Amino acid sequence: MSGKTKKMLNILAGGCLFAVVLLLPDSLFAWQSRVALATVSLMIYWWITRPVHIAVTALLPIAVNALCNMSSMADVLADYFSPVVVMLIGAGIILACWSSSGLDKRIALLGLKLIGTSLKMQLVVWFLLATVMSTLLPNAVVAATLCPIAVAMLRFANTDSVAGRDDKPLYLILLAIVWGAGLGGFGTPLGGAMNLVAIDYIEQLTGQEYMYITWTLQMLPHLILLVAGTLTYLLLVKTKTKQLDGSRAYFVSEYKKLGKAKRSEIIALTLFLAALTLAFLRPLYEQALPAFKPYFAFLLIGLIAFFIKGSKHKRLISWDFAVQKINWSLIILFSGGMAAGNLIITTGAANAVAAALASSGLHDVYLMVLLFIAFGLFLANASSNTAAVAVLIPIVISITTAFNLNPMPYVYITAAACNCAYALPTSIRAIPVGYGLSVNYMFKTGLAAAAISMIVLSVAAVVQIAAMG
C-alpha cells in the first residue's frame, strides 16, 4: 500500500469515526457533547495515524465549533493564545538565544566530557543528563541537542556500531537520550507544555493560582521511581559491546574547541536563570505583582533579549532567527489539546462520561487509577504527552469529582503516566529515528519499558492516594 493511499484511508477512517460518535444515542450524550467527543476522537486518531501534520489536527476545534456551535467561540479562541502560549513563546525566544550563542552545545559537552568508556556508564550519563536537562528545557530541545552529539561520539570512537556490525550501542544510547528527555519533562512545570496544561486544569478546578514549586514537590517521587526503573531496564539489555574507545577524548577535544564562554553565552544563560528564578520565587512577590505570573516573566525576559548586544557588539538575537527556532507546531498542538479538553468540559461530555462510569458499578479507586494510567500510557505513546494530558485530565477530574474523591492524587498520577512514552516513533521519539535508531527495536524495548512504568506508577498511586485521600 502506497503512502498516499494509506494517508487517504486514515483521513476517511477518521471521518467515519467522527460520524459514528455523532450517532451515539441521545440518552447517553446531548448533541453538543457528542460533537465534542467526536472532535476529540477524530483528533486522537489523526494524531496517532498522522495523515496530516499534528498542528493541522490541533486546529480542528476552531473549525468544528464554527460549524456546530458547541461552545463560545471566544472561549475556544482564547485557548490558542492563553497565558501558557505566551509563556511558550517567551521560553522559545530565550532558548533560541542558547542556540544562536552555542550555549546548548557547551552545556551538553560540559556534562559529557567526564564520561568513561564503559557502555553502561555511557547509558547512565546520557540518560541522567537528558532527564535533568528536560526538567528545565523542552524535551524536543534536549533530544535534538544530544542525539547528534551521541552519534558523532560513536563515529569518533570508531566502534562496530558505526560500521553496522553491532547497532545496539547506538540504539541504546539514543534510547537513553529520548527516554530520559521524555521522563524528565514532568519533573518541573518548565519541562514542557503538558505540565502547563495540567496546571491550567488544576487552577480551573481550585479557582486559585497554582505554585510551580508544589508541582515539583508532588511529582519528584514519581520521577525518581520511573527514572530508577527505566534506567535499570536499560542497563539489563544485553549487548556484545562493553567498551567504547575514545569517547572521553572526543568530549574533551570538542569542548576545548569551544574555547572560553563568549559574552553571548553568558547573557543567554543569565536570561534563562532570571526567568527561572522569577517563576519559582513567585510566592515572594505574588501580592506586590498579582498579575505578573510566571507566564509573563518568560515573555518579559524574552523581549529583553532583543535589546541586548552579545559578542562582537551584535544583537544577541534577531526576530528572524527566533521565528525559525520557536516550535510553533508545539504551541499549536498545546493550544488544540487545551481547546479539545475544554470542549469536553464545557459541553458536559466529561460529566456524562463520569456519570456513566459511576453508574457502571465500578467503585474501586485502585482499578480506576489503573485505567487512568493505562489510558495515559496509550495516548502518550500513540500521540504526544501534551495531547494525552489535554484529553485525559479533564475526564479524570470529572470522574473523581463524581465519586466525591480528592482529584489531586489522580491528576498527578495520570500526568506522570502521560509522560511515559517509549515505544512508538511519535513526538520527540521521531528524532533518534532520524539518527539511525531502528523503529522495530524501539517498539520491542519500549513495550517492556512501558510495562515497567505501569507497575511503578500503580505502586506510587497506592501510596499517594493513601497520603492525600
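Residues numbered from 1 in each chain as written. Predicted model: local features only at pLDDT ≥ 70, side-chain atom pairs only at ≥ 80, totals over all residues. Heavy atoms only, no water.

Caption draft 1: Structural detail: the environment of H53. For H53, the location among the structural elements is in the loop between α2 (31-49) and α3 (54-58). Exposure remark for H53: the relative accessible area of 44% places this residue in the partly exposed category. (Helix = DSSP H or I, 4+ residues; strand = E, 2+ residues; numbered from the N terminus. Buried < 20%, exposed > 50% of the residue type's maximum accessible area, 1.4 Å probe, protein only.)

Caption draft 2: Looking closely at the pattern of salt bridges. Tallied over the full model, the rule gives 4 salt bridges. Between E265 and R106 there is a salt bridge whose closest N-O contact spans 2.4 Å. Taken as a pair, E265 in helix α15 (residues 263-280) and R106 in helix α7 (residues 103-112) lie far apart in primary sequence, 159 residues in all. Of the residues examined, E265 reaches a relative accessible area of 3% and is grouped as buried. Between E265 and K262 there is a salt bridge; the shortest N-O distance is 2.9 Å. Salt bridges sharing partners connect three or more residues here, namely R106, K262 and E265. (Salt bridge = Lys/Arg side-chain N within 4 Å of Asp/Glu carboxyl O.)

Caption draft 3: How the structure looks around the environment of F306. With respect to the helices and strands, F306 occurs in the loop between α17 (294-305) and α18 (319-325). On the basis of relative accessibility, which here comes to 17%, the residue F306 falls in the buried class. Linking F306 and A322, residues 16 residues apart in sequence, is a C-alpha distance of 9.7 Å. In contact with F306, not counting residues within four places along its chain, are I93, R315, I317, S318, W319 and A322. (Contact = heavy atoms within 4.5 Å.)

Caption draft 4: Inspection of the side chain of T131 at higher detail. Structurally, T131 is set in helix α8 (residues 119-134). Apart from residues lying up to four places away in sequence, T131 is in contact with G180, A181, G184, L223 and V227.

Caption draft 5: Examining the packing of α15 against α17 more closely. α17 packs onto α15 with a crossing angle of 160° between their chain directions and a minimal axis gap of 9 Å. Between α15 and α17, the crossing angle belongs to the class labelled roughly antiparallel. Pair α15 / α17 crosses with right-handed handedness. Every residue of α17 that contacts α15 at L271, A274, A275, L276, L278 and A279 is listed here: P294, A297, F298, I301, I304 and A305. (Axes fitted to C-alpha atoms, helices over the stretch in contact; angles between N-to-C directions. Parallel < 35°, antiparallel > 145°, perpendicular 65-115°, else oblique. Left-handed = near helix turned anticlockwise from the far one by under 90°.)

Caption draft 6: A look at α8. Between its first and last C-alpha, α8 extends 22 Å over 16 residues, near the 22 Å set by a 1.5 Å rise per residue. Three or more residues of α8 are buried, namely L119, Q122, L123, V125, W126, F127, L129, A130, T131, M133 and S134. (Expected span 1.5 Å × (residues − 1).)

Caption draft 7: Quick look at the confidence of the model for the protein. In the predicted model, the protein carries a mean pLDDT of 84, and 93% of its residues have values of at least 70. At the low end of the mean pLDDT range in the protein sits helix α10 (residues 160-163), at 48; at the high end sits helix α4 (residues 60-68), at 94. (pLDDT = per-residue confidence, 0-100.)

Caption draft 8: Expanded view of the packing of aromatic side chains. Here the structure, examined in full by the defined rule, presents 9 aromatic pairs. Relative to Y412, the ring of W215 lies with its centre 6.1 Å away and its plane at 70°, an arrangement referred to as edge-to-face. Note that W215 is positioned in helix α13 (residues 212-236) and Y412 in helix α23 (residues 407-417), a separation of 197 residues in sequence. In this pair, the class of W215 matches that of Y412, namely buried. Here the aromatic rings of F306 and W319 are separated by 6.0 Å at their centres, their planes lie at 50°, and the arrangement is tilted. Linking F306 in the loop between α17 and α18 with W319 in helix α18, this pair joins segments that are 13 residues apart in sequence. (Phe/Tyr/Trp six-rings, centres within 6.5 Å; stacked < 30°, edge-to-face > 60°.)

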